[in-house]
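Commentary on secondary and tertiary structure
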Amino acid sequence: KNEVEQSPQNLTAQEGEFITINCSYSVGISALHWLQQHPGGGIVSLFMLSSGKKKHGRLIATINIQEKHSSLHITASHPRDSAVYICAVSPGTASKLTFGTGTRLQVTL
Amino acid sequence: GAVVSQHPSWVICKSGTSVKIECRSLDFQATTMFWYRQFPKQSLMLMATSNEGSKATYEQGVEKDKFLINHASLTLSTLTVTSAHPEDSSFYICSANPALLAGPDTQYFGPGTRLTVL
């Protein structure tokens, strides 16, 4: 079993839909990261959080430390949101990240 | 701010040659940089942790003599794939930790380098 599990693996949505991607982890962490990888390959860091909730534009990330679970929400989804979203956790030692397998999101018109 | 660049963005080489990939933090100093490898439709796999002025720490199963890492300055780390073979073809991504600015958990990622070995 992977230390970081994401669901769903693949997600197709219509423009405007509210999207939720989930991440569960099994180890103690100091921080959780949500990353976005576009088809070209480059990775953008969306959020780093260790408690509560963060919002940036149409993106919202929440984390429940007790339940070892985080969610990434996208409101009013748009085709340009199509990408792979990756959850990664930092165990707090040497800053090494452990990655989930990613959620491939396709938003259609 | 907090931009990490990689050069080249893509490279094609013949089997047996060596390829050097550069990772630069453009507007901050990075005491620690990380090198990752990503196979198609798979997630990132940490190869090694690079600290400025010291030897890199390699993950289990990564050949340090094949993947040479040099972190000569606070803004530059290089990964050299020596005697490349087709199975080394992959997407290589670096990240940098601006510890002095943002703490040990923050990482900024480079755009990646796609290596194809013929």
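Below is a summary of the structure that appears in this document. (Residues numbered from 1 in each chain as written. Chains lettered and ligands numbered in written order. Predicted model: local features only at pLDDT ≥ 70, side-chain atom pairs only at ≥ 80, totals over all residues. Heavy atoms only, no water.)

Attention now moves to the pairing of strand β3 (residues 19–25) of chain B. Residue and element names in this part refer to chain B. On β3, burial follows the alternation: V19, I21, C23 and S25 on one face are buried, whereas K20, E22 and R24 on the facing-out side are not. Here 4 bridges tie strand β1 (residues 4–7) to β3, and the two strands are oriented antiparallel to one another. In the strand pairing of β3, Q6 is matched with C23. Of the pairings in the sheet, the one linking β3 to strand β8 (residues 76–81) comprises 6 bridges and is antiparallel in character. Paired with V19 across the strands is V81, a residue of β8. (Buried < 20%, exposed > 50% of the residue type's maximum accessible area, 1.4 Å probe, protein only. Helix = DSSP H or I, 4+ residues; strand = E, 2+ residues; numbered from the N terminus. Pairing = 2+ DSSP bridges.)

Moving on: the interface of chain A and chain B. Taken residue by residue, the interface counts 22 residues in chain A and 20 residues in chain B. Both faces considered, chain A and chain B share a buried interface measuring about 1,500 Å² in area, 54% of it formed by carbon and sulfur atoms. Along the contact surface separating chain A from chain B lie 0 salt bridges. Taken together, the connections running from chain A to chain B amount to 2 residue pairs in polar contact (both at pLDDT 80 or more). Contributing elements (two or more residues each) for the side of chain A that touches chain B: β4 (31–37), β5 (43–49) and β9 (83–90) of chain A. The element best represented in the side of chain A that touches chain B is β4 of chain A, accounting for 4 residues. Tallied by class, the residues present in the side of chain A that touches chain B amount to 8 nonpolar, 12 polar and 2 charged. (Contact = heavy atoms within 4.5 Å. Buried area = accessible area lost by both parts, 1.4 Å probe. Salt bridge = Lys/Arg side-chain N within 4 Å of Asp/Glu carboxyl O. Polar contact = N/O pair within 3.5 Å; in protein donor to acceptor, adjacent residues only side chain to side chain. Nonpolar A, V, L, I, M, F, W, Y, C, P; charged D, E, K, R; others polar.)

In this section: the state of the cysteines. According to the stated counting rule, one finds 2 disulfides over all chains in the structure shown. Each sulfur in the disulfide pair C23 of chain A and C87 of chain A lies 1.9 Å from the other. A torsion of -60 degrees about the S-S bond marks the disulfide between C23 of chain A and C87 of chain A as left-handed. Note that C23 of chain A is positioned in strand β3 (residues 19–25) and C87 of chain A in strand β9, a separation of 64 residues in sequence. Neither residue differs from the other here; C23 of chain A and C87 of chain A are each classed as buried. At a sulfur-sulfur separation of 2.0 Å, the disulfide partner of C23 of chain B is C94 of chain B. The sign of the 80 degrees torsion about the S-S bond sets the C23 of chain B-C94 of chain B disulfide as right-handed. Here the residue C23 of chain B occupies a position in strand β3, and C94 of chain B occupies one in strand β9 (residues 90–97), the gap between them amounting to 71 residues. Lacking any disulfide linkage, C13 of chain B is separated from the closest cysteine sulfur, that of C94 of chain B, by 19 Å. Under the relative-accessibility criterion, C13 of chain B is labelled buried at 9%. (Disulfide = S-S within 2.5 Å.)

Next up on the list: a nonpolar patch on the surface. All names here are of chain B. A surface patch of nonpolar side chains, amounting to about 390 Å² of accessible area, comprises W10, I12 and L118. Within the element layout of this structure, I12 appears in strand β2 (residues 10–13). With relative accessibility at 51%, the residue I12 sits in the exposed group. (Patch = residues over 30% accessible without salt bridge, like charges linked within 9 Å, V, L, I, M, F, W, Y side chains within 5 Å. Areas by Shrake-Rupley, 256 points an atom, 1.4 Å probe, with all protein chains shown as cover.)

Glancing now at the packing of aromatic side chains. Inspection of the entire model under this criterion finds 5 aromatic pairs over all chains. Aromatic ring contacts, followed pair by pair, group F99 of chain A together with F34, Y36 and F109 of chain B into a single cluster. (Phe/Tyr/Trp six-rings, centres within 6.5 Å; stacked < 30°, edge-to-face > 60°.)

A few words now on the pairing of β8 of chain B. Residue and element names in this part refer to chain B. In terms of burial, β8 is largely enclosed, as 6 of its 6 residues are buried. Going residue by residue along β8, you find L76, T78 and T80 tucked away on one face and S77, L79 and V81 tucked away on the opposite face as well. Note that strand β7 (residues 67–73) and β8 share 5 bridges and pair antiparallel. Residue S73 lies in a different strand from β8, and its bridge partner there is L76. Where β7 hands over to β8, the hairpin turn is made up of 2 residues, counted between the paired strands.

So, on to the side chain of Q6 of chain B. Residues and elements named next belong to chain B. The topology assignment puts Q6 in strand β1. For Q6, a relative accessible area of 8% corresponds to the buried category. A polar contact is formed between the side chain of Q6 and the backbone nitrogen of C94, at a distance of 3.0 Å. For Q6, the side chain forms a polar contact with the side chain of T113, separated by 3.1 Å. In this view, Q6 contacts I21, E22, C23, W35, Y92, I93, C94, G110, P111, G112 and T113; residues no more than four positions away in its chain are not counted.

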